[in-house]
Amino acid sequence: MANVLGNDSVSSLSRDHVHLTETMHVKDNRLPEHLPLFGEPVLDRSYVNNRQRLLRCASLVVLGFILSATYFQYGRWHSCSSPPLVFKDVAPMPPEALQRTWAAYSPYYPAAHYEFPPDECVVTQLQRHGARYPTGGQTTRIQAPLQKLRGVRTYANASFDFLRYFEWDLGVSDMISLGIQQTFESGIEHYTRYRHLFSSGHLPFVRASGSRRVIRSAAIWADGISYASNNMYHPETSVILPEVDGANNTLDDSMCPNAPSLKKVPKLWRDTFAPTIAARFNEAAPGADLDAEDIVDLMPLCAFETLFHRATSPFCNLFTFEESEAHEYYDDLSRYYKTGPGNPLGPIQGVGYVNELLARLTSKPVQDHTQTNSTLDSSPDTFPLNRTFYADFSHDNQMIAIYSALGLFQREDGRAPSAEEMNPGRRWRISRMTPFSARMVVEKLTCDGRSDEKREYVRILVNDAVQPLTFCGAGADGVCALDDFVESQAYARGNGNGDWPKCFESD
(Lines give C-alpha, C1' and ligand atoms only; values in the text may rest on other atoms or scores of the structure.)
Protein backbone atom coordinates (compact mmCIF):
# COMPACT_ATOMS: atom_id res chain seq x y z
CA MET A 1 0.00 0.00 0.00
CA ALA A 2 1.33 3.45 -0.86
CA ASN A 3 1.54 6.15 1.73
CA VAL A 4 -0.22 9.36 0.76
CA LEU A 5 1.29 12.66 1.79
CA GLY A 6 -1.36 15.36 1.59
CA ASN A 7 -0.55 19.05 1.10
CA ASP A 8 -3.77 20.99 0.62
CA SER A 9 -2.93 24.70 0.65
CA VAL A 10 -5.13 26.99 2.74
CA SER A 11 -4.86 29.74 0.15
CA SER A 12 -5.54 27.58 -2.89
CA LEU A 13 -8.08 24.92 -2.06
CA SER A 14 -9.16 24.85 -5.68
CA ARG A 15 -5.74 23.48 -6.67
CA ASP A 16 -5.80 20.41 -4.44
CA HIS A 17 -3.21 17.82 -5.23
CA VAL A 18 -1.95 14.58 -3.74
CA HIS A 19 1.59 13.23 -3.76
CA LEU A 20 1.96 9.45 -3.88
CA THR A 21 5.22 8.00 -2.61
CA GLU A 22 6.69 4.58 -2.14
CA THR A 23 5.61 2.72 0.95
CA MET A 24 7.47 4.03 3.99
CA HIS A 25 8.54 1.35 6.42
CA VAL A 26 9.75 2.83 9.69
CA LYS A 27 11.72 -0.20 10.84
CA ASP A 28 14.75 1.38 12.51
CA ASN A 29 14.77 0.92 16.28
CA ARG A 30 11.04 0.43 16.35
CA LEU A 31 10.96 -2.30 18.95
CA PRO A 32 12.59 -2.54 22.34
CA GLU A 33 15.49 -4.95 22.64
CA HIS A 34 13.29 -7.12 24.84
CA LEU A 35 9.56 -7.63 24.97
CA PRO A 36 7.65 -5.02 26.99
CA LEU A 37 6.99 -5.61 30.65
CA PHE A 38 3.29 -6.24 30.79
CA GLY A 39 1.52 -5.34 34.00
CA GLU A 40 -1.39 -7.72 33.50
CA PRO A 41 -1.77 -11.21 32.03
CA VAL A 42 -4.69 -9.96 29.90
CA LEU A 43 -2.10 -8.57 27.49
CA ASP A 44 -0.63 -12.01 26.78
CA ARG A 45 -1.33 -13.80 23.49
CA SER A 46 -3.27 -16.44 25.40
CA TYR A 47 -6.09 -13.88 25.79
CA VAL A 48 -7.22 -15.45 29.05
CA ASN A 49 -9.80 -12.85 29.95
CA ASN A 50 -11.52 -12.58 33.32
CA ARG A 51 -14.82 -11.81 31.66
CA GLN A 52 -16.25 -11.75 28.15
CA ARG A 53 -19.55 -10.47 26.88
CA LEU A 54 -21.34 -11.56 23.79
CA LEU A 55 -22.59 -8.31 22.35
CA ARG A 56 -24.91 -8.12 19.41
CA CYS A 57 -23.89 -4.77 18.01
CA ALA A 58 -22.50 -2.52 15.36
CA SER A 59 -19.64 -0.31 16.46
CA LEU A 60 -17.17 2.39 15.52
CA VAL A 61 -13.74 2.92 17.10
CA VAL A 62 -11.62 6.10 16.75
CA LEU A 63 -8.13 6.18 18.40
CA GLY A 64 -5.59 8.98 18.58
CA PHE A 65 -1.76 9.56 18.77
CA ILE A 66 -4.09 11.00 17.68
CA LEU A 67 -5.46 7.43 17.04
CA SER A 68 -8.93 6.65 15.70
CA ALA A 69 -10.83 3.52 14.81
CA THR A 70 -14.22 2.47 13.48
CA TYR A 71 -15.95 -0.85 13.15
CA PHE A 72 -19.27 -2.39 12.20
CA GLN A 73 -19.41 -6.07 13.01
CA TYR A 74 -21.07 -8.60 15.22
CA GLY A 75 -18.68 -10.11 17.68
CA ARG A 76 -17.47 -10.69 21.19
CA TRP A 77 -16.43 -7.89 23.54
CA HIS A 78 -13.13 -8.62 25.29
CA SER A 79 -12.05 -7.50 28.74
CA CYS A 80 -8.74 -5.64 28.57
CA SER A 81 -7.78 -3.14 31.24
CA SER A 82 -5.11 -0.57 30.46
CA PRO A 83 -1.72 -1.39 32.01
CA PRO A 84 -0.62 0.45 35.16
CA LEU A 85 2.24 2.94 35.13
CA VAL A 86 5.15 1.15 33.45
CA PHE A 87 7.46 2.26 36.26
CA LYS A 88 5.36 0.77 39.01
CA ASP A 89 7.54 -2.32 39.46
CA VAL A 90 10.87 -0.80 38.47
CA ALA A 91 13.10 0.67 41.18
CA PRO A 92 14.22 3.21 42.07
CA MET A 93 11.42 5.32 40.63
CA PRO A 94 9.40 8.29 41.91
CA PRO A 95 6.00 7.54 43.47
CA GLU A 96 3.06 7.45 41.07
CA ALA A 97 1.66 10.57 42.73
CA LEU A 98 4.77 12.52 41.73
CA GLN A 99 4.79 11.11 38.19
CA ARG A 100 1.24 12.37 37.77
CA THR A 101 2.34 15.93 38.53
CA TRP A 102 4.39 15.93 35.33
CA ALA A 103 1.30 16.99 33.31
CA ALA A 104 1.89 16.38 29.59
CA TYR A 105 5.13 14.55 30.43
CA SER A 106 3.50 12.04 32.77
CA PRO A 107 3.73 8.38 31.71
CA TYR A 108 0.40 7.03 30.49
CA TYR A 109 -1.95 5.75 33.16
CA PRO A 110 -5.65 4.87 32.92
CA ALA A 111 -7.69 7.67 34.48
CA ALA A 112 -10.39 5.17 35.44
CA HIS A 113 -11.14 1.47 35.26
CA TYR A 114 -12.48 0.62 31.81
CA GLU A 115 -16.23 0.09 31.90
CA PHE A 116 -18.02 -2.02 29.33
CA PRO A 117 -20.68 -0.29 27.23
CA PRO A 118 -24.29 -0.84 28.34
CA ASP A 119 -25.69 -4.31 27.63
CA GLU A 120 -26.17 -5.07 23.96
CA CYS A 121 -24.14 -2.07 22.85
CA VAL A 122 -20.65 -1.64 21.36
CA VAL A 123 -17.77 1.02 20.43
CA THR A 124 -15.21 4.13 18.76
CA GLN A 125 -11.55 5.47 19.82
CA LEU A 126 -8.41 8.32 19.86
CA GLN A 127 -4.50 8.60 21.20
CA ARG A 128 -1.05 10.44 21.44
CA HIS A 129 2.53 9.43 20.58
CA GLY A 130 4.70 7.84 23.27
CA ALA A 131 7.23 9.44 25.63
CA ARG A 132 9.90 11.56 23.94
CA TYR A 133 12.95 13.71 24.53
CA PRO A 134 12.40 17.44 25.05
CA THR A 135 11.73 19.36 21.84
CA GLY A 136 14.33 21.78 20.53
CA GLY A 137 12.60 24.74 22.15
CA GLN A 138 12.25 22.91 25.46
CA THR A 139 15.91 21.96 25.38
CA THR A 140 16.92 25.60 24.99
CA ARG A 141 14.63 26.69 27.83
CA ILE A 142 15.85 23.95 30.18
CA GLN A 143 19.53 24.46 29.45
CA ALA A 144 19.46 28.22 30.15
CA PRO A 145 18.87 27.92 33.94
CA LEU A 146 20.92 24.72 34.02
CA GLN A 147 23.95 26.60 32.72
CA LYS A 148 23.45 29.24 35.40
CA LEU A 149 23.51 26.54 38.08
CA ARG A 150 26.51 24.76 36.62
CA GLY A 151 28.44 27.99 36.44
CA VAL A 152 28.52 28.24 40.22
CA ARG A 153 31.90 27.40 41.77
CA THR A 154 30.78 26.31 45.22
CA TYR A 155 27.34 25.04 46.27
CA ALA A 156 26.08 25.85 49.74
CA ASN A 157 23.72 22.85 49.72
CA ALA A 158 25.01 19.31 49.18
CA SER A 159 21.86 18.42 47.19
CA PHE A 160 23.30 20.47 44.33
CA ASP A 161 26.74 18.84 44.29
CA PHE A 162 25.74 16.38 41.55
CA LEU A 163 25.74 19.31 39.14
CA ARG A 164 29.56 19.31 39.21
CA TYR A 165 29.57 16.04 37.28
CA PHE A 166 26.27 16.32 35.43
CA GLU A 167 26.39 15.61 31.68
CA TRP A 168 23.49 16.32 29.33
CA ASP A 169 22.67 13.16 27.39
CA LEU A 170 19.10 13.78 26.21
CA GLY A 171 18.26 13.83 22.53
CA VAL A 172 15.77 16.14 20.82
CA SER A 173 12.10 15.40 20.06
CA ASP A 174 12.42 11.70 19.16
CA MET A 175 10.73 8.95 21.12
CA ILE A 176 12.66 7.25 23.90
CA SER A 177 12.60 3.55 24.75
CA LEU A 178 9.70 4.07 27.17
CA GLY A 179 7.70 5.76 24.40
CA ILE A 180 8.34 2.77 22.13
CA GLN A 181 7.17 0.42 24.88
CA GLN A 182 4.06 2.51 25.61
CA THR A 183 3.07 2.58 21.94
CA PHE A 184 3.75 -1.11 21.42
CA GLU A 185 1.66 -1.99 24.48
CA SER A 186 -1.10 0.28 23.20
CA GLY A 187 -1.30 -1.74 19.99
CA ILE A 188 -1.53 -4.94 22.03
CA GLU A 189 -4.23 -3.45 24.25
CA HIS A 190 -6.34 -2.25 21.34
CA TYR A 191 -6.12 -5.55 19.51
CA THR A 192 -6.93 -7.51 22.68
CA ARG A 193 -9.93 -5.29 23.42
CA TYR A 194 -11.25 -4.99 19.85
CA ARG A 195 -9.96 -8.07 18.04
CA HIS A 196 -13.46 -9.11 17.00
CA LEU A 197 -13.34 -6.11 14.64
CA PHE A 198 -10.26 -7.34 12.81
CA SER A 199 -10.18 -9.44 9.69
CA SER A 200 -8.01 -9.54 6.59
CA GLY A 201 -10.54 -7.28 4.88
CA HIS A 202 -11.01 -4.98 7.87
CA LEU A 203 -7.65 -3.71 9.09
CA PRO A 204 -7.36 -0.34 10.85
CA PHE A 205 -7.05 2.65 8.53
CA VAL A 206 -4.05 4.55 9.88
CA ARG A 207 -3.07 8.20 9.46
CA ALA A 208 -0.20 10.12 11.04
CA SER A 209 0.92 13.71 11.27
CA GLY A 210 4.26 14.24 9.59
CA SER A 211 6.80 14.45 12.44
CA ARG A 212 9.19 11.53 12.91
CA ARG A 213 7.97 10.52 16.38
CA VAL A 214 4.34 10.51 15.24
CA ILE A 215 5.08 8.42 12.14
CA ARG A 216 7.12 6.00 14.25
CA SER A 217 4.27 5.78 16.77
CA ALA A 218 1.88 4.66 14.06
CA ALA A 219 4.31 1.98 12.89
CA ILE A 220 5.15 0.70 16.37
CA TRP A 221 1.46 0.60 17.32
CA ALA A 222 0.90 -1.59 14.27
CA ASP A 223 3.76 -3.83 15.43
CA GLY A 224 1.90 -4.27 18.73
CA ILE A 225 -1.17 -5.42 16.81
CA SER A 226 0.97 -7.79 14.77
CA TYR A 227 2.51 -9.28 17.92
CA ALA A 228 -0.85 -9.63 19.69
CA SER A 229 -2.44 -11.26 16.62
CA ASN A 230 0.45 -13.71 16.21
CA ASN A 231 1.47 -11.90 13.01
CA MET A 232 -1.96 -12.34 11.49
CA TYR A 233 -2.63 -8.58 11.08
CA HIS A 234 -0.24 -5.68 10.50
CA PRO A 235 -1.85 -2.35 9.50
CA GLU A 236 0.21 0.03 7.36
CA THR A 237 0.16 3.82 7.67
CA SER A 238 -1.93 4.91 4.69
CA VAL A 239 -1.80 8.72 4.98
CA ILE A 240 0.90 11.04 6.33
CA LEU A 241 -0.14 14.68 6.68
CA PRO A 242 2.87 17.01 6.27
CA GLU A 243 3.73 19.46 9.05
CA VAL A 244 4.83 22.26 6.74
CA ASP A 245 3.58 25.78 6.15
CA GLY A 246 0.44 25.82 4.01
CA ALA A 247 -0.39 22.13 4.45
CA ASN A 248 -3.92 21.33 5.59
CA ASN A 249 -3.50 19.01 8.57
CA THR A 250 -6.14 18.09 11.16
CA LEU A 251 -3.53 16.24 13.26
CA ASP A 252 -1.30 19.23 14.02
CA ASP A 253 -1.95 22.57 15.74
CA SER A 254 0.02 24.79 13.36
CA MET A 255 -2.77 26.08 11.12
CA CYS A 256 -3.93 29.17 13.00
CA PRO A 257 -1.10 31.74 12.78
CA ASN A 258 -3.14 34.45 14.53
CA ALA A 259 -3.82 32.34 17.63
CA PRO A 260 -2.62 34.60 20.46
CA SER A 261 -0.03 33.60 23.01
CA LEU A 262 -1.94 34.05 26.28
CA LYS A 263 0.43 33.80 29.23
CA LYS A 264 -1.03 36.27 31.71
CA VAL A 265 -2.90 33.77 33.91
CA PRO A 266 -0.14 31.10 33.90
CA LYS A 267 2.43 33.75 34.81
CA LEU A 268 0.26 35.06 37.63
CA TRP A 269 0.14 31.54 39.06
CA ARG A 270 3.88 31.07 38.44
CA ASP A 271 4.58 34.12 40.56
CA THR A 272 2.72 32.60 43.52
CA PHE A 273 5.17 29.69 43.93
CA ALA A 274 8.28 29.98 41.73
CA PRO A 275 9.96 33.04 43.34
CA THR A 276 10.26 31.18 46.65
CA ILE A 277 11.95 28.27 44.88
CA ALA A 278 14.24 30.66 43.00
CA ALA A 279 15.30 32.27 46.28
CA ARG A 280 16.12 28.87 47.76
CA PHE A 281 18.13 27.88 44.69
CA ASN A 282 20.04 31.16 44.68
CA GLU A 283 20.93 30.62 48.31
CA ALA A 284 22.14 27.09 47.58
CA ALA A 285 23.96 28.16 44.39
CA PRO A 286 25.38 31.65 45.05
CA GLY A 287 25.64 33.68 41.88
CA ALA A 288 23.22 31.59 39.82
CA ASP A 289 20.71 34.45 39.87
CA LEU A 290 17.71 32.34 38.87
CA ASP A 291 14.28 33.93 38.49
CA ALA A 292 10.74 32.55 38.46
CA GLU A 293 10.80 31.81 34.73
CA ASP A 294 14.05 29.85 35.13
CA ILE A 295 12.38 27.67 37.75
CA VAL A 296 9.33 26.70 35.67
CA ASP A 297 11.62 26.02 32.70
CA LEU A 298 13.94 23.79 34.75
CA MET A 299 11.36 21.69 36.62
CA PRO A 300 10.35 19.43 33.67
CA LEU A 301 13.92 18.10 33.58
CA CYS A 302 12.92 15.85 36.50
CA ALA A 303 10.43 14.08 34.20
CA PHE A 304 12.58 13.97 31.06
CA GLU A 305 15.65 12.64 32.89
CA THR A 306 13.62 10.07 34.82
CA LEU A 307 11.74 8.75 31.79
CA PHE A 308 14.89 8.49 29.69
CA HIS A 309 17.10 6.83 32.32
CA ARG A 310 14.26 4.84 33.94
CA ALA A 311 15.55 5.92 37.32
CA THR A 312 14.75 8.91 39.51
CA SER A 313 16.64 11.98 38.33
CA PRO A 314 18.56 13.91 41.00
CA PHE A 315 16.71 17.01 39.75
CA CYS A 316 13.50 15.57 41.24
CA ASN A 317 15.01 15.81 44.72
CA LEU A 318 15.50 19.56 44.38
CA PHE A 319 11.75 20.19 44.62
CA THR A 320 9.09 19.31 47.18
CA PHE A 321 5.96 17.41 46.21
CA GLU A 322 3.86 20.54 46.83
CA GLU A 323 6.11 22.50 44.46
CA SER A 324 5.66 19.80 41.82
CA GLU A 325 1.89 20.06 42.26
CA ALA A 326 2.10 23.84 41.82
CA HIS A 327 4.11 23.38 38.62
CA GLU A 328 1.57 20.86 37.37
CA TYR A 329 -1.13 23.49 37.73
CA TYR A 330 1.09 25.96 35.87
CA ASP A 331 1.22 23.48 32.97
CA ASP A 332 -2.55 22.93 33.19
CA LEU A 333 -3.13 26.68 32.88
CA SER A 334 -0.60 27.01 30.05
CA ARG A 335 -2.42 24.38 27.97
CA TYR A 336 -5.84 25.82 28.79
CA TYR A 337 -4.78 29.17 27.35
CA LYS A 338 -2.77 27.70 24.43
CA THR A 339 -5.11 25.47 22.40
CA GLY A 340 -7.79 25.03 25.05
CA PRO A 341 -11.01 26.99 25.63
CA GLY A 342 -9.11 29.81 27.35
CA ASN A 343 -7.75 30.88 23.97
CA PRO A 344 -10.36 32.44 21.66
CA LEU A 345 -8.67 30.67 18.74
CA GLY A 346 -7.90 27.42 20.58
CA PRO A 347 -10.97 25.24 19.93
CA ILE A 348 -11.12 26.26 16.25
CA GLN A 349 -7.89 24.30 15.71
CA GLY A 350 -9.75 21.08 16.54
CA VAL A 351 -12.81 21.72 14.37
CA GLY A 352 -11.50 20.00 11.24
CA TYR A 353 -10.84 16.77 13.09
CA VAL A 354 -14.25 16.86 14.78
CA ASN A 355 -15.91 17.20 11.38
CA GLU A 356 -13.89 14.21 10.16
CA LEU A 357 -15.09 12.30 13.22
CA LEU A 358 -18.71 13.22 12.48
CA ALA A 359 -18.24 11.95 8.92
CA ARG A 360 -17.02 8.62 10.21
CA LEU A 361 -19.79 8.35 12.78
CA THR A 362 -22.51 9.08 10.22
CA SER A 363 -20.84 7.47 7.17
CA LYS A 364 -21.36 10.71 5.25
CA PRO A 365 -18.80 12.84 3.36
CA VAL A 366 -16.78 15.34 5.38
CA GLN A 367 -18.44 18.75 5.58
CA ASP A 368 -15.75 21.23 6.60
CA HIS A 369 -14.19 24.51 5.47
CA THR A 370 -11.37 24.78 8.01
CA GLN A 371 -8.14 22.78 8.16
CA THR A 372 -9.23 19.55 6.48
CA ASN A 373 -7.47 18.46 3.29
CA SER A 374 -10.36 18.44 0.83
CA THR A 375 -8.52 16.30 -1.71
CA LEU A 376 -7.74 13.54 0.74
CA ASP A 377 -11.04 13.68 2.62
CA SER A 378 -13.09 13.41 -0.58
CA SER A 379 -11.39 10.19 -1.73
CA PRO A 380 -12.43 6.75 -0.47
CA ASP A 381 -8.80 5.68 -0.83
CA THR A 382 -7.47 8.29 1.60
CA PHE A 383 -10.54 8.86 3.78
CA PRO A 384 -12.73 5.76 3.64
CA LEU A 385 -16.04 5.67 5.48
CA ASN A 386 -16.55 1.91 5.49
CA ARG A 387 -13.63 0.67 7.61
CA THR A 388 -14.03 -1.12 10.90
CA PHE A 389 -11.21 0.75 12.64
CA TYR A 390 -9.46 4.11 12.12
CA ALA A 391 -6.24 5.18 13.83
CA ASP A 392 -4.93 8.76 13.71
CA PHE A 393 -1.62 9.75 15.35
CA SER A 394 -0.93 13.31 16.44
CA HIS A 395 0.30 15.65 19.23
CA ASP A 396 -0.98 16.62 22.67
CA ASN A 397 -1.66 20.29 21.83
CA GLN A 398 -3.86 19.21 18.94
CA MET A 399 -5.69 16.70 21.11
CA ILE A 400 -6.46 19.50 23.57
CA ALA A 401 -7.85 21.59 20.70
CA ILE A 402 -10.03 18.62 19.70
CA TYR A 403 -11.25 18.10 23.27
CA SER A 404 -12.10 21.80 23.41
CA ALA A 405 -13.95 21.78 20.09
CA LEU A 406 -15.96 18.77 21.27
CA GLY A 407 -16.82 20.49 24.57
CA LEU A 408 -15.01 18.05 26.88
CA PHE A 409 -13.46 18.85 30.28
CA GLN A 410 -15.54 21.97 30.89
CA ARG A 411 -16.57 23.07 34.38
CA GLU A 412 -20.28 22.82 35.05
CA ASP A 413 -20.38 26.45 36.13
CA GLY A 414 -18.56 27.54 32.97
CA ARG A 415 -15.77 29.25 34.91
CA ALA A 416 -12.20 29.14 33.63
CA PRO A 417 -9.39 27.91 35.93
CA SER A 418 -7.77 30.89 37.59
CA ALA A 419 -4.46 31.95 39.15
CA GLU A 420 -6.18 32.55 42.48
CA GLU A 421 -6.63 28.94 43.52
CA MET A 422 -5.56 25.41 42.62
CA ASN A 423 -8.55 23.10 42.90
CA PRO A 424 -7.20 19.58 43.59
CA GLY A 425 -10.44 18.11 42.23
CA ARG A 426 -10.35 20.08 38.99
CA ARG A 427 -11.56 18.48 35.78
CA TRP A 428 -8.96 20.26 33.60
CA ARG A 429 -5.88 18.21 34.51
CA ILE A 430 -3.42 17.57 31.70
CA SER A 431 -1.92 14.42 33.25
CA ARG A 432 -5.40 12.85 32.93
CA MET A 433 -6.03 14.32 29.48
CA THR A 434 -2.82 14.10 27.44
CA PRO A 435 -0.03 12.22 29.22
CA PHE A 436 2.47 10.50 26.96
CA SER A 437 0.54 7.90 24.91
CA ALA A 438 -2.82 9.42 25.89
CA ARG A 439 -5.86 8.09 24.10
CA MET A 440 -9.43 9.19 23.43
CA VAL A 441 -12.05 6.61 22.54
CA VAL A 442 -15.29 7.53 20.77
CA GLU A 443 -17.64 4.58 20.83
CA LYS A 444 -20.46 4.38 18.32
CA LEU A 445 -23.04 1.99 19.72
CA THR A 446 -25.94 0.31 17.99
CA CYS A 447 -28.11 -1.02 20.78
CA ASP A 448 -30.92 -3.50 21.18
CA GLY A 449 -33.26 -3.45 24.11
CA ARG A 450 -33.66 0.30 24.68
CA SER A 451 -36.71 0.47 22.44
CA ASP A 452 -38.48 -1.48 19.75
CA GLU A 453 -36.36 0.33 17.16
CA LYS A 454 -32.57 0.08 17.04
CA ARG A 455 -30.83 3.40 17.60
CA GLU A 456 -27.23 4.50 17.36
CA TYR A 457 -25.48 6.03 20.37
CA VAL A 458 -22.14 7.61 21.24
CA ARG A 459 -19.87 7.31 24.27
CA ILE A 460 -16.46 9.00 24.72
CA LEU A 461 -13.64 7.81 26.95
CA VAL A 462 -10.35 9.60 27.61
CA ASN A 463 -7.69 7.29 29.02
CA ASP A 464 -10.48 4.83 29.90
CA ALA A 465 -12.49 7.43 31.86
CA VAL A 466 -16.07 7.81 30.56
CA GLN A 467 -16.77 11.47 29.76
CA PRO A 468 -20.04 13.06 30.93
CA LEU A 469 -21.69 14.03 27.66
CA THR A 470 -24.35 16.10 29.36
CA PHE A 471 -24.36 18.50 26.40
CA CYS A 472 -26.11 15.83 24.32
CA GLY A 473 -28.33 14.34 27.03
CA ALA A 474 -26.13 11.50 28.31
CA GLY A 475 -27.07 9.88 31.59
CA ALA A 476 -24.86 8.26 34.21
CA ASP A 477 -23.59 5.75 31.63
CA GLY A 478 -22.18 8.56 29.48
CA VAL A 479 -24.20 7.45 26.45
CA CYS A 480 -26.20 9.82 24.25
CA ALA A 481 -28.01 9.29 20.96
CA LEU A 482 -25.84 9.76 17.88
CA ASP A 483 -28.28 12.28 16.38
CA ASP A 484 -28.14 14.31 19.60
CA PHE A 485 -24.34 14.14 19.64
CA VAL A 486 -24.10 15.38 16.05
CA GLU A 487 -26.57 18.15 16.87
CA SER A 488 -24.49 19.15 19.90
CA GLN A 489 -21.45 19.75 17.71
CA ALA A 490 -22.84 22.97 16.25
CA TYR A 491 -19.52 24.81 16.68
CA ALA A 492 -17.69 22.31 14.46
CA ARG A 493 -20.54 21.92 11.98
CA GLY A 494 -20.60 25.73 11.69
CA ASN A 495 -16.87 25.74 10.88
CA GLY A 496 -16.14 27.55 14.14
CA ASN A 497 -18.94 30.10 13.81
CA GLY A 498 -16.67 32.69 12.23
CA ASP A 499 -13.49 31.88 14.17
CA TRP A 500 -11.63 30.26 11.26
CA PRO A 501 -11.16 33.47 9.20
CA LYS A 502 -9.78 35.14 12.33
CA CYS A 503 -6.80 32.80 12.12
CA PHE A 504 -5.65 34.67 9.01
CA GLU A 505 -7.11 38.16 9.18
CA SER A 506 -4.63 41.03 9.29
CA ASP A 507 -5.11 43.88 11.76
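Residues numbered from 1 in each chain as written. Predicted model: local features only at pLDDT ≥ 70, side-chain atom pairs only at ≥ 80, totals over all residues. Heavy atoms only, no water.

Summarise the overall build of the protein chain; cite the residues concerned and give the values.
The helix and strand tally for the protein chain stands at 15 helices and 13 strands. Per-residue burial for the protein chain yields a buried fraction of 60% across its 507 residues. Within the protein chain, counting contacts between residues at least 6 apart in sequence, those at least 24 apart form 78% of the total. For the protein chain, the exposed area adds up to about 20300 Å²; of that, 49% sits on carbon and sulfur atoms. (Helix = DSSP H or I, 4+ residues; strand = E, 2+ residues; numbered from the N terminus. Buried < 20%, exposed > 50% of the residue type's maximum accessible area, 1.4 Å probe, protein only. Contact = heavy atoms within 4.5 Å. Areas by Shrake-Rupley, 256 points an atom, 1.4 Å probe, with all protein chains shown as cover.)

Could you give me a rundown of the environment of Ala311, with the residues and numbers involved?
Note on placement: Ala311 falls in the loop between helix 7 (301–309) and helix 8 (321–336). For the pair Ala311 and Pro92, spaced 219 residues apart in the sequence, the C-alpha separation amounts to 5.6 Å. Look past the residues within four positions of Ala311 in its chain and what remains in contact with it is Pro92, Met93, Glu305 and Thr306.

Could you give an account of the side chain of Thr192, with specific residues and numbers?
For Thr192, the location among the structural elements is in helix 3 (residues 177–194). Polar side-chain contacts of Thr192 include one of 2.7 Å to the backbone oxygen of Ile188. (Polar contact = N/O pair within 3.5 Å; in protein donor to acceptor, adjacent residues only side chain to side chain.)

Tell me about the side chain of Asn495, and name the residues and values.
With respect to the helices, strands and loops of the structure, Asn495 is situated in the loop between helix 14 (490–493) and helix 15 (499–502). Take Asn495: its relative accessible area is 18%, and that puts it in the buried class. Within polar-contact distance, the side chain of Asn495 engages the backbone nitrogen of His369 at 2.7 Å. Once residues lying within four places of it in the same chain are set aside, the contact partners of Asn495 are Ile348, Val351, Asn355, Asp368, His369, Thr370 and Trp500.

Break down the nonpolar core for me, citing the residues and quoting the values.
Of all hydrophobic cores here, the largest spans 96 residues; its most connected members are Leu149, Phe273, Phe281, Phe315, Leu408 and Phe485. Here the element with the most residues in this core is helix 5 (residues 264–284); it accounts for 8 residues. When neighbours within four sequence positions are excluded, Phe485 is seen to be in contact with Leu358, Leu361, Leu406, Val458, Ile460, Phe471, Cys472 and Cys480. Core analysis: the next-biggest nonpolar cluster, separate from the first, contains 26 residues, Met175, Ile180, Val206 and Phe389 among them. (Core = buried A, V, L, I, M, F, W, Y, C linked by side-chain atoms within 4.5 Å.)

Describe the environment of Tyr191, and please don't skip the residues or the numbers.
With respect to the element layout, Tyr191 can be found in helix 3. Since its relative accessible area comes to 7%, Tyr191 is described here as buried. Placed 36 residues apart in sequence, Tyr191 and Tyr227 show a C-alpha to C-alpha distance of 9.5 Å.

Tell me about empty space enclosed by the protein, and please be specific about residues and values.
Per the stated rule, a full pass over the model turns up 4 cavities of 30 Å³ or more. There is about 130 Å³ of room inside the largest cavity. Lining the largest cavity are 14 residues, and of these Thr101, Trp102, Met299, Pro300 and His327 sit closest to its centre. Listed by contribution, the elements that provide at least two residues to the lining of the largest cavity are helix 7 and helix 8. (1 Å grid on protein atoms, 1.4 Å probe; cavity = no way out; pocket = protein on both sides within 12 Å on 5 of 7 lines; lining within 4 Å. Points joined across faces, edges and corners; volume = space filled by probe spheres on them.)

Any details on the pairing of strand 11 (residues 455–462)? Residues and values, ideally.
The element strand 11 is largely enclosed, with a buried count of 6 among its 8 residues. Two elements, strand 10 (residues 439–447) and strand 11, share 8 bridges in a ladder whose sense is antiparallel. By the bridge assignment, Cys447 is partnered in strand 11 with Arg455. Here strand 11 pairs with strand 13 (residues 480–481) via 2 bridges, running antiparallel. (Pairing = 2+ DSSP bridges.)

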